[in-house]
Structure formats: C-alpha cells, structure tokens
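Coordinate inspection notes
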Amino acid sequence: MHAGFWWMFALAALSVSTAAPLALAADAPKVGDKAPAFSLKATDGKTYTLADFQGKSPVILAWFPKADTPGCTKECKSFNANGKALKDLKVAYFTASVDNVQDNMKFAEKFDFKFPILSDPDKSVATAYGVLGPRGVAQRWTFYIDKDGVIREIDKSIKTDQAADDAAQKVKALGLAKD
C-alpha cells in the first residue's frame, strides 16, 4: 500500500507538470491573431513597445532561451552579422529572452551586438506569446508581425547560425517588405 501511494503521487505530479505547458500552448497566439502588446527594456537602454511600429514597419521578435549559451550566442551572432539585410527591408528586429536586462547587457557587450536584445524578466510577455517553456525559459520561436500588428508567421524551427538570413528570406516570402 505504501508503494502504491507513492506511485499514484508520482503520476499526479507528472500530470500536473505536463498539463501546465499544454494549457499555455492552447492560449498561445496563432498566425492571423493580433500580436500581444509588449513594452520591454533593451540592451541599448531604450524601452520598446509593439505600438512603436504600428503602421510604420513589420517587426521580427526572435525569442531565445538563455543569454550567453551556445545556441543563443550563434543566433544573436547571426542577427549581428547579417542584420543589414533586415534593415534594408525596413523591418524592426529584436531578439528577446526572459533574462534580466543586466545579463542581456553583459551578453551584448561581450559579443559587441549592435541590435537591441529585449528582456522579459517577469516572463509576462513570454507567457502572452506562448513561448515560456516548462523550464521557465523562452522557447526558440520567431514571430513575424506585420505593420498592422498581426502575426503573419511563427517559426519554431530556427537554424541558429543562419537565423538572420532565414528571417530576411521569410520577410520577403511573406511580402512584409520589399527589396
């Protein structure tokens, strides 16, 4: 009976731990939905909001799990090295994580990143976008948001070392900006 109790306890704990991420995913925005509003501090000292770009330019919001880890470093290096292609398309682009601003600033300074990395330490925006994973970090998803604030694409298969090039190609394919 004692072993049976622990077995049932373990099953109950497992069902709770796996149900929470599924519940969040069900509430996640989808292609065609209005993108959740955000107001986040960035590594350049500014605070950016989605409303800043309303009617002006498309926005790429590339979530990554953790500053200064191998995959995230590759992804951000890609945006740093190849961001000109996105600027030429007149697209606002950001990477974002749930790290605090200080950690993201150290990360940006270490690699001399020339674009803003957004910080969501209270995880509210990551939750609104449905990217908060079961370990409490953002999943590596990129959102393509048009000038009207509508999500046009959600890419969940990021190749970190070519993230910026892939993003520029996606912007063109979606017709979000012209060459």
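Presented here is a report on the structure given in the accompanying data block.

Reading guide: rules and limits
- Residues numbered from 1 in each chain as written.
- Predicted model: local features only at pLDDT ≥ 70, side-chain atom pairs only at ≥ 80, totals over all residues.
- Heavy atoms only, no water.
- Salt bridge = Lys/Arg side-chain N within 4 Å of Asp/Glu carboxyl O.
- Helix = DSSP H or I, 4+ residues; strand = E, 2+ residues; numbered from the N terminus.
- Buried < 20%, exposed > 50% of the residue type's maximum accessible area, 1.4 Å probe, protein only.
- Arc of directions from axis to C-beta.
- Contact = heavy atoms within 4.5 Å.
- Expected span 1.5 Å × (residues − 1).
- Polar contact = N/O pair within 3.5 Å; in protein donor to acceptor, adjacent residues only side chain to side chain.

Now for the pattern of salt bridges. Tallied over the full model, the rule gives 6 salt bridges. The salt bridge involving Lys84 is made with Asp88; its shortest N-O contact spans 2.8 Å. With Lys84 and Asp88 both in helix H2 (residues 70–88) and 4 residues apart, the pair spans about one turn of that helix. Residue Asp88 is classed as partly exposed on the basis of its relative accessible area, which comes to 44%. A salt bridge links Glu153 to Lys170, with the nearest nitrogen and oxygen atoms 3.9 Å apart.

For helix H3 (residues 101–111), the set of buried residues is Val101, Asn104, Phe107 and Ala108. Considered in projection along H3, the buried side chains sweep an arc of 125° and stay on one side of the axis. In H3, the exposed positions angled more than 90 degrees off the buried face are occupied by Gln102, Lys106, Glu109 and Lys110. Contacts made by the buried residues of H3 are with strand E1 (39–42), H2, strand E4 (92–97) and strand E5 (117–119).

Before going further, it helps to spend a moment on helix H5 (residues 163–174). When the terminal C-alpha atoms of H5 are compared, their 16 Å separation across 12 residues agrees well with the 16 Å that a helix rising 1.5 Å per residue should span. Those residues of H5 lying buried are Ala163, Ala164, Ala167, Ala168, Val171 and Leu174. With its buried residues spanning 135° around the axis, H5 presents them on a single face. Tucked into the core, H5 has its buried residues touching strand E3 (59–63), H2, strand E6 (142–145) and strand E7 (151–155). Looking one or two residues past H5, Gly175 carries a phi angle of roughly 70°, positive in sign.

Inspection of the secondary structure puts Lys114 in the loop between H3 and E5. Taking the relative accessible area as the measure of exposure, Lys114 reaches 59% and is therefore exposed. Polar side-chain contacts of Lys114 include one of 2.8 Å to the side chain of Asp112.

The values are spatial; any link to function lies outside them.
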